[in-house]
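Listed below, chain by chain, are the residues.
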Amino acid sequence: MAQKTVLVVYAHQSSASFNSAVRDVTVQELTQQGYRVIVSDLYTMNFKASATQDDIIGDLKNPELFKYGEETMHAWKEGRLSDDIVAEQCKVMEAELVIFQFPMYWFSVPAIMKGWMDRVLTQGFAFSLKNMYDKGVFKDKKAMLTFSTAATQKMFQPDGINGDINITLWPLQNGTLHFCGFQVLAPQIFWSPAHCPPGVRTAMLQGWQSRLKGLLAEKPLTFAPSELFDLSFQGGFSLWPKVKAEWESQSYGITTGHHLGKLLPPDNQTKAPPADDNQDKAS
Ligand SMILES: Cc1cc2nc3c(=O)[nH]c(=O)nc-3n(C[C@H](O)[C@H](O)[C@H](O)COP(=O)(O)OP(=O)(O)OC[C@H]3O[C@@H](n4cnc5c(N)ncnc54)[C@H](O)[C@@H]3O)c2cc1C
């Protein structure tokens, strides 16, 4: 059987950091399980974060009005994307699972990782209007976020100062990963490693190592399946009226984003639902 590949897209500047230790655990554990693990160490690679016309080899289709999305789509089709983008796209193609490992910056990923997303997940390669969400290009692949924070878990509760972590994670997990089709595994969050005793940090790393043992078999998070939506311009890509009416009687919204003015489904972006959960009718 062919060896399976995991890609770790990694963003931390220091090899002495907690994030570096997490990455090492990932590589060691998955390698031991027989996976081929590729690490894209973005700072070491000096990965270019800005989406510019340098990413396209040859003439632009419309030099008067540069449109990054359209130009990179044409360049992808014609094999004219810059080498660093193509190299990352090849790694994604090979991977069964893509892990994004980073310290949280401003409720999101560091700029260098956002640049990887902007530049590597180009139209055509990673998505199209026909191929998005559960019909997405990468629907047979998995992806997940593993990240550290300065904040404690309590600060990211619905009544904590930062608000609900499920809302924080929605743009990255739904808007980027699931939009490209990935089945998104529950995030691995290392709460405040810089402000806890060494023993707690060791326990966090051990917890991650034991999760890695069954990671590839985990059930993904729940997102709204595209069949719930009228995917036409006339229909506005909105929920079918019938579906909306059906959800009227539910106490909870469909997902964190599709809350329909109701209570947010608990832990929608942080935990996979149990097998018999009502949410299970979502993808
Ligand atoms: C621009 C910016 C924006 C930010 N925005 C946010 C935000 O929105 N929300 C938020 O919560 N935080 C935010 N932060 C904080 C940031 O997320 C944290 O500082 C970061 O997550 C801490 O992770 P680290 O790997 O850098 O920790 P480190 O500081 O590198 O490590 C923490 C501790 O772990 C120790 N350690 C290293 N290796 C091991 C090991 N093998 N075993 C045990 N211990 C080890 C280190 O020695 C250190 O004592 C932001 C920071 C910046 C710079």
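Residues numbered from 1 in each chain as written. Predicted model: local features only at pLDDT ≥ 70, side-chain atom pairs only at ≥ 80, totals over all residues. Heavy atoms only, no water.

The condition is simple: UniProt positions are given in the numbering used here, feature names are shortened, and annotations may be inferred rather than shown by experiment.
An unreviewed UniProt entry annotates the protein as Ribosyldihydronicotinamide dehydrogenase [quinone] of Solea senegalensis. Looking at the Function (unreviewed entry) heading of the UniProt record, one finds this comment for the protein: "The enzyme apparently serves as a quinone reductase in connection with conjugation reactions of hydroquinones involved in detoxification pathways as well as in biosynthetic processes such as the vitamin K-dependent gamma-carboxylation of glutamate residues in prothrombin synthesis." The heading Subcellular location (unreviewed entry) in the UniProt record of the protein holds the text "Cytoplasm".

**Points about unusual backbone geometry**
Heads up, the rule is: Secondary structure elements follow DSSP: runs of H or I of four or more residues count as helices, runs of E of two or more count as strands, with numbering from the N terminus. Type-normalised accessible area, obtained with a 1.4 Å probe on protein chains alone, sets the label of each residue: buried when under 20%, exposed when over 50%, and partly exposed for intermediate values.
Despite not being glycine, W106 has its phi angle at roughly 50 degrees, a positive value. By the element assignment, W106 lies in the loop between β3 (95-103) and α4 (111-120). Taking the relative accessible area as the measure of exposure, W106 reaches 86% and is therefore exposed.

**So, the packing of aromatic side chains**
We count it as follows: Pairs were defined over the aromatic rings of Phe, Tyr and Trp, the Trp ring being its six-membered one, requiring ring centres within 6.5 Å. Orientation was assigned from the angle between planes: stacked under 30 degrees, edge-to-face over 60, tilted for the rest. By definition, being over a ring means that NZ of Lys or CZ of Arg is both within 6 Å of the ring centre and within 35 degrees of the ring normal.
In total, this model carries 13 aromatic pairs according to the counting rule given. For the ring pair F138 and F182, a centre distance of 4.9 Å and an interplane angle of 35 degrees mean the geometry is tilted. Here F138, found in the loop between α4 and β4 (142-148), pairs with F182, found in the loop between α5 (165-178) and β5 (183-184); they are 44 residues apart in sequence, far enough to count as distant. Grouping residues by exposure puts F138 and F182 together as buried. Here the aromatic residues F18, F190 and W208 are joined through ring pairs into a cluster of three or more. Directly above the aromatic system of Y10 lies the positively charged group of R23, at a separation of 4.5 Å from the ring centroid.

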